[in-house]
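In case you want the letters, here they are:
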Amino acid sequence: MNPLLELHSIGKEYKKGNQRFQAVTNVNISIERGETFGLIGESGSGKSTIGKMITGLEPPSSGELLYEGQPLWKAGKFSGLKPGEMQIVFQDPQSSLDPRMRVQAIITEPLLALPKELRREKGSPERLHELIRRVGLKPEHLNRYPHEFSGGQRQRIAIARALITDPSFVVLDEPTSALDVSVQANVLNLLQELKRERNLTYLFISHNMSVIRYMCDRMSVMQKGRIVETGSVGEIFNNPSDPYTQTLLSSLPTLQKKVDTHV
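As a starting point, this report considers the structure included with it. (Residues numbered from 1 in each chain as written. Predicted model: local features only at pLDDT ≥ 70, side-chain atom pairs only at ≥ 80, totals over all residues. Heavy atoms only, no water.)

Re the sheet that holds strand β2 (residues 19–31)
Then, in step 1: Read across the open sheet, the four strands follow the order β2-β1-β4-β5; overall the sheet is antiparallel. One side of each edge strand has no neighbouring strand; the edge strands of this open sheet are β2 and β5 (70–71).
Then, in step 2: Across two bridges, the pairing between strand β4 (residues 62–67) and β5 is antiparallel. Bridge pairing links Tyr67 to Gln70 in β5.
Then, in step 3: Sheet strands touched by helix α1 (residues 47–54): β1 (5–16), β2 and β4. Its angle to β1, the strand with the most contacts, is close to 110 degrees. (Pairing = 2+ DSSP bridges. Helix = DSSP H or I, 4+ residues; strand = E, 2+ residues; numbered from the N terminus. Contact = heavy atoms within 4.5 Å. Axes fitted to C-alpha atoms, helices over the stretch in contact; angles between N-to-C directions.)

A closer look at the sheet that holds strand β3 (residues 36–40)
Strands belonging to one sheet form pairs held by backbone hydrogen bonds; the direction of such a pair is parallel or antiparallel.
Then, in step 1: One open sheet holds the six strands; their spatial order is β8-β9-β10-β3-β11-β12, and the pairing between them is mixed. The open sheet has two edge strands with one neighbour each: β8 (86–89) and β12 (226–232). Each adjacent strand pair in this sheet contributes to an overall mean axis angle of 15 degrees, direction not counted.
Then, in step 2: Where β8 lies against strand β9 (residues 169–173), four bridges are found, and the strand directions are parallel. Bridge pairing in β9 links Val89 to Leu172.
Then, in step 3: Sheet strands in contact with α1 are β3, β8, β9, β10 (201–206) and β11 (218–223), and its direction is about 150 degrees off that of β10.

So, the pattern of salt bridges
Then, in step 1: Counted by the stated rule, this structure contains twelve salt bridges.
Then, in step 2: A salt bridge links Glu174 to Lys47; the shortest N-O distance between them is 3.9 Å. Taken as a pair, Glu174 in the loop between β9 and α7 (181–198) and Lys47 in helix α1 lie far apart in primary sequence, 127 residues in all. Lys47 shares its class with Glu174; the two are buried.
Then, in step 3: Its salt-bridge partner being Asp166, residue Arg198 comes within 3.2 Å of it at the nearest N-O pair. (Salt bridge = Lys/Arg side-chain N within 4 Å of Asp/Glu carboxyl O. Buried < 20%, exposed > 50% of the residue type's maximum accessible area, 1.4 Å probe, protein only.)

Set out below in structure tokens:
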């Protein structure tokens, strides 16, 4: 079976005046349909840049991204996906939700990219109420503004926004790192349940090894824009081959204890 998503020798270079910065270098990743693939590394390692290139927010400087065997970028333009096929949940729900919009408008905004008939079907009141309940909120919340909710509730709104188009692939870019540990566990459990119910494929970006261990099937470890190790979560946690991975794992017992307490 062919991978759902493939990255072949992907690179990303930023230019500012005469300065050049290589954020990502020669990255190769394949993600199978239905799995949760983890991408872990410290801040500035390039992992979020990869998420942006996959979702069309940043063009790659080199290499090729394929989705179902078709290129995502052609001549510097993002293409090749049916509207709503891929979505993203960002790290900080406070900054990713427009404070001027009511929750209903926020959740249904991605539907504007769909044909009119699909927009009407997927944005029907019945379906919207079902979705808002499924992420742990209430239909009466649809008429409120983001500032009226806690951080965990705002992230549930962001998850509902990502799911409204019935995507097959979702990039989760540090989706719980801005939340308290007890709230993190609830959101992670929700993401696991939604994945099973909707047959979703996730790219889970994080700096937290405990979260990766809990959520993911396979993973890649990034350092300074490069992949230093890729394998199943079990293989890497039990037998890390790269010194950088070993360093990340050295802090695991403390983090694992916190997550296990609440998950």
